[in-house]
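Chain by chain, the residues run as shown.
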Amino acid sequence: MRYGLLLDTTRCIGCGACTAACKEQNGLPLDVEDRTTAYTWTTVQSRGGANVRRMCMHCLSPTCVSVCPVGAMRKTPEGPVVYDAERCIGCRYCVQACPFNVPKYQWDRAVPVVGKCVMCAARLQKGQATACASVCPTGATLFGERDAMVAEARRRLGAEPRRYVDHIYGLAEAGGTSVLMISSVPFAELGLPTNLPNEPLPGLTWNVLSRVPDIVLLGGTLLYGIYWITKRRELVRRLEGPGAQAELDPGGDGGDA
Amino acid sequence: MTSVPIPSVRPFRPGFWHAVLVLLVIALAGVTLVRFTRGLGASTNLSDAFPWGLWIGFDILCGVGLAAGAFTVMATVHLFHLRRFEPIVRPTVLTGFLGYLFVVCALMFDLGQPWRIWHAMVFWNEHSVMFEVAWCVMLYTTVLSLEFAPIVFERLRLVRVRNLLRTVNTPLVILGVLLSTLHQSSLGTLYLIVPEKLHPLWYSPWLPLEFYLSAIGAGIGMIIFESHLSGRAFGRELEIGLLEPLARVMVVVLAFYGVLRLDLLWHARVLGTIFRPAYESRMFLVEFGLGVLVPVGLLSWSRIRHSATGLVVGGTSAVLGFVMHRLNVSITGLERASGTHYVPSWMELTVSLGLVALGFAAFALAVRYLPIFPEPVRAHGHGRTADPLAACSAGVEP
């Protein structure tokens, strides 16, 4: 949870240095793409007159981590949400479920994996900033402790209230994200989802999943109870009822439940 | 049982459907090659904006749902002791077993790296619905194969092995009902995590219950549909005496499900939108009409329930409406949020149709060579042994 990024669209000049640095850092093909793909983990788009970076938001309670059946996604204590390609089976639930539509798939490969920004987790462990932040010439991408990024965002909003929309995107969205964004253009116009709840999404499925043991225990007891009662009833009916002899199974499947 | 009934093998006559099957299987083989050498992009219309398509929406969601007849009937006969439904146990378990095999096969196409499917057994994430789904698929397929195995052992005259399996029948059936309950509902739970993406006509916090109830309803519809098909193929009358009470249960389940759907839409304040001239509204009306209104409306009438045509129309409509619901949840309801319009590629269609065709073929073969419609012992010496299927309907009488 410690580290985070602050993205400020008002300072972004759209030079694309972040994209180039990201590709070099992560060994991705250098072709320039206008949207994020499994091979382009961050890119700068022009929306509503502003330049906006597309990248993983690194949620504090990540949906992708919760939905992955094999635990290939993991939130590290430093902040990055990292991906273990060796575990991934390719169900693409993360692609489907991510509220920010971040994980992308290698649709063109016979042995495909997911691609997404991992916030340069390896660099962070060495005490370095992310590649994108280290090359940003204008301070539009700032790296530091998340608390410091929140404070800096508040400072910028307070210092120039007319310049910014009065909102820090990522402070509360989907339970909060490690990457924060401030902008002069409304966030909906930047193409960011603005209909997200402020609670972490994984709670929605955990509410149900956490009841699985109860369903098994209670359901099992109930079903066996019904079996026990109706079996006895059937036995009584066979022994007492009219035509009892005809009902008896000549095969003698006594052990048959 | 001293003698094991073996269906008489009728001479094989190639026909139209055999040609369709052969063509589909050849096409399936070609598409399989493309899928596994060139990837999902070359074979499907899936994309980052629309990562789940026909194989999830139809093959997985509908395949699992339409296999729900198996656990319903197993519970009815073996847990509730309503023995008169015994004759439909085997065809229904066969349908369920083949349904799950269909799902597993389709999963091999849809997963990016299907050879890693065992990872779900080693790397656990109990917070993932997909993890629950994976375990349910594995365990319930095992249960279904154990419920199906006695039929095979009977055919192989391994009566002792069959009887051994019967000693664990009760825990097996209870396990099957529990796993089915979890599996059917969990397919709805999958979509709980996309409240901002799934259209409000389909998103609801009660999706797991909706999936569970509709699967039970459609599972019964499938029993009627499948009885009709095998009846037609083998020149048999529909077992109205058995299907009529099942249809009554279906009416109750679907009516409850229908009222629940409308009630939840009302609470979500979107009930008024179902008549809007929007794509989603039209799809909802077709789904709700086929899946709830037609079967409940028709089969509430005793006279319609007692007619073969009425049963088949009502049951088939329930199945079609169910398929529509699953496709609406997995495709229609997600299109607007994705900003794309997804139409499956011909290769996706080929895989789905090819696997369905193989399922039908497997069903026909099983019925031909296995005691699926078992000849009741009482029918011995009645001159019915030549046609075990006729003997089956003879066993309907209490």
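Anything mentioned here points back to the structure above.
Residues numbered from 1 in each chain as written. Chains lettered and ligands numbered in written order. Predicted model: local features only at pLDDT ≥ 70, side-chain atom pairs only at ≥ 80, totals over all residues. Heavy atoms only, no water.

## What about empty space enclosed by the protein?
Over the atoms, a rolling probe the size of a water molecule traces out where space has been left empty.
All names here are of chain A.
Next up, step 1: Throughout the structure, instances matching the rule amount to 8 cavities of 30 Å³ or more.
Next up, step 2: Roughly 150 Å³ of volume is contained in the largest cavity.
Next up, step 3: Lining the largest cavity we find 20 residues, and of these Cys12, Arg53, Cys136, Ala140 and Thr141 sit closest to its centre.
Next up, step 4: Among the elements of the structure, strand 1 (3-8), helix 1 (17-26) and strand 3 (50-54) are those that each provide at least two residues to the lining of the largest cavity.
Next up, step 5: Sorting elements by how many residues they give to the lining of the largest cavity places strand 3 first, with 3 residues.
Next up, step 6: Its residues assigned to classes, the lining of the largest cavity comprises 12 nonpolar, 6 polar and 2 charged. (1 Å grid on protein atoms, 1.4 Å probe; cavity = no way out; pocket = protein on both sides within 12 Å on 5 of 7 lines; lining within 4 Å. Points joined across faces, edges and corners; volume = space filled by probe spheres on them. Helix = DSSP H or I, 4+ residues; strand = E, 2+ residues; numbered from the N terminus. Nonpolar A, V, L, I, M, F, W, Y, C, P; charged D, E, K, R; others polar.)

## Some thoughts on the environment of Phe187 of chain A
Residues and elements named next belong to chain A.
Next up, step 1: Structurally, Phe187 can be placed in the loop between strand 9 (179-182) and helix 7 (202-209).
Next up, step 2: On the accessibility criterion, Phe187 (5% relative accessible area) is buried.
Next up, step 3: Spatially, the C-alpha atom of Phe187 lies 9.6 Å from that of Gly48, the residues being 139 residues apart in sequence.
Next up, step 4: In this view, Phe187 contacts Val165, His167, Tyr169, Met181, Ile182, Leu192 and Thr194; residues no more than four positions away in its chain are not counted. (Buried < 20%, exposed > 50% of the residue type's maximum accessible area, 1.4 Å probe, protein only. Contact = heavy atoms within 4.5 Å.)

## Brief notes about the state of the cysteines
All names here are of chain A.
Next up, step 1: Per the counting criterion, the structure on display carries 0 disulfides over all chains.
Next up, step 2: The thiol sulfur of Cys91 is not disulfide-bonded, and the nearest other cysteine sulfur, from Cys68, lies at 6.2 Å.
Next up, step 3: Between Cys132, a cysteine without a disulfide, and Cys120, which holds the nearest cysteine sulfur, the sulfur-to-sulfur distance is 6.0 Å.
Next up, step 4: Residue Cys132 is classed as buried on the basis of its relative accessible area of 8%. (Disulfide = S-S within 2.5 Å.)

## Quick notes on the side chain of Gln96 of chain A
Next up, step 1: Inspection of the secondary structure assignment puts Gln96 of chain A in helix 3 (residues 93-97).
Next up, step 2: What Gln96 of chain A contacts, discounting residues up to four positions off in sequence, is Pro51, Trp52, Val194, Lys197 and Leu334 of chain B.

## Points about the packing of aromatic side chains
In this description, an aromatic ring pair is defined by two values, namely the gap between the centres and the angle between the planes.
Next up, step 1: Using the criterion set out here, one finds 20 aromatic pairs over all chains in the structure.
Next up, step 2: Their ring planes at 70° and their centres at 5.4 Å tell us that Tyr105 of chain A and Trp107 of chain A sit as a pair that is edge-to-face.
Next up, step 3: Judged by its relative accessible area of 2%, Tyr105 of chain A is buried.
Next up, step 4: With a relative accessible area of 11%, Trp107 of chain A lands in the buried category.
Next up, step 5: Ring centres of Phe97 of chain B and Phe148 of chain B lie 5.0 Å apart, and the angle between their planes is 25°; on these two criteria the pair is classed as stacked. One end of the pair, Phe97 of chain B, is in helix 5 (residues 89-110); the other, Phe148 of chain B, is in helix 7 (residues 129-155), with 51 residues separating them in the sequence.
Next up, step 6: The residue whose ring lies beneath Arg92 of chain A is Tyr105 of chain A, and the NZ or CZ to ring-centre distance is 5.8 Å.
Next up, step 7: In this structure, Arg326 of chain B is placed above the aromatic ring of Phe211 of chain B, and the distance from its NZ or CZ to the ring centre is 3.8 Å. (Phe/Tyr/Trp six-rings, centres within 6.5 Å; stacked < 30°, edge-to-face > 60°. Lys NZ or Arg CZ within 6 Å of the ring centre and 35° of its normal.)

## Quick word on the sheet that holds strand 8 (residues 141-145) of chain A
Residue and element names in this part refer to chain A.
Next up, step 1: With respect to topology, 3 strands assemble into an open sheet ordered 8-1-9, the strand pairing being mixed. Here the strands that pair on one side only, and so sit at the sheet edges, are strand 8 and strand 9. Adjacent strand axes in the sheet meet at a mean angle of 25° when their direction is disregarded.
Next up, step 2: For strand 1 and strand 8, the ladder comprises 5 bridges, and the chain directions are antiparallel. Each residue of the ladder has a partner; that of Leu6, found in strand 8, is Leu142.
Next up, step 3: Strands in contact with helix 6 (residues 146-159) are strand 1, strand 8 and strand 9; relative to strand 8, the strand with the most contacts, it is inclined by about 130°. (Pairing = 2+ DSSP bridges. Axes fitted to C-alpha atoms, helices over the stretch in contact; angles between N-to-C directions.)

## Looking at the pattern of salt bridges
All names here are of chain B.
Next up, step 1: This model, assessed by the stated rule, comprises 19 salt bridges over all chains.
Next up, step 2: The partner of Arg90 in a salt bridge is Glu154, with the nearest N and O atoms 2.9 Å apart. Taken together, the positions of Arg90 in helix 5 and Glu154 in helix 7 put the pair 64 residues apart, joining distant regions of the chain.
Next up, step 3: Overall, Glu154 belongs to the buried group, its relative accessible area being 2%. (Salt bridge = Lys/Arg side-chain N within 4 Å of Asp/Glu carboxyl O.)

## Comments concerning the interface of chain A and chain B
Next up, step 1: At the interface, 61 residues of chain A touch 58 residues of chain B.
Next up, step 2: At the boundary of chain A with chain B, total buried surface from both sides reaches about 5300 Å², with 60% on carbon and sulfur atoms.
Next up, step 3: Counting across the chain A and chain B interface gives 3 salt bridges.
Next up, step 4: Of the charged contacts in the structure, one is a salt bridge between Arg83 of chain B and Glu234 of chain A, with a shortest N-O distance of 2.8 Å.
Next up, step 5: If you tally residues by element for the side of chain A that touches chain B, the top one is helix 8 (residues 212-240) of chain A, at 13 residues.
Next up, step 6: In terms of residue class, the side of chain A that touches chain B is made up of 35 nonpolar, 14 polar and 12 charged. (Buried area = accessible area lost by both parts, 1.4 Å probe.)

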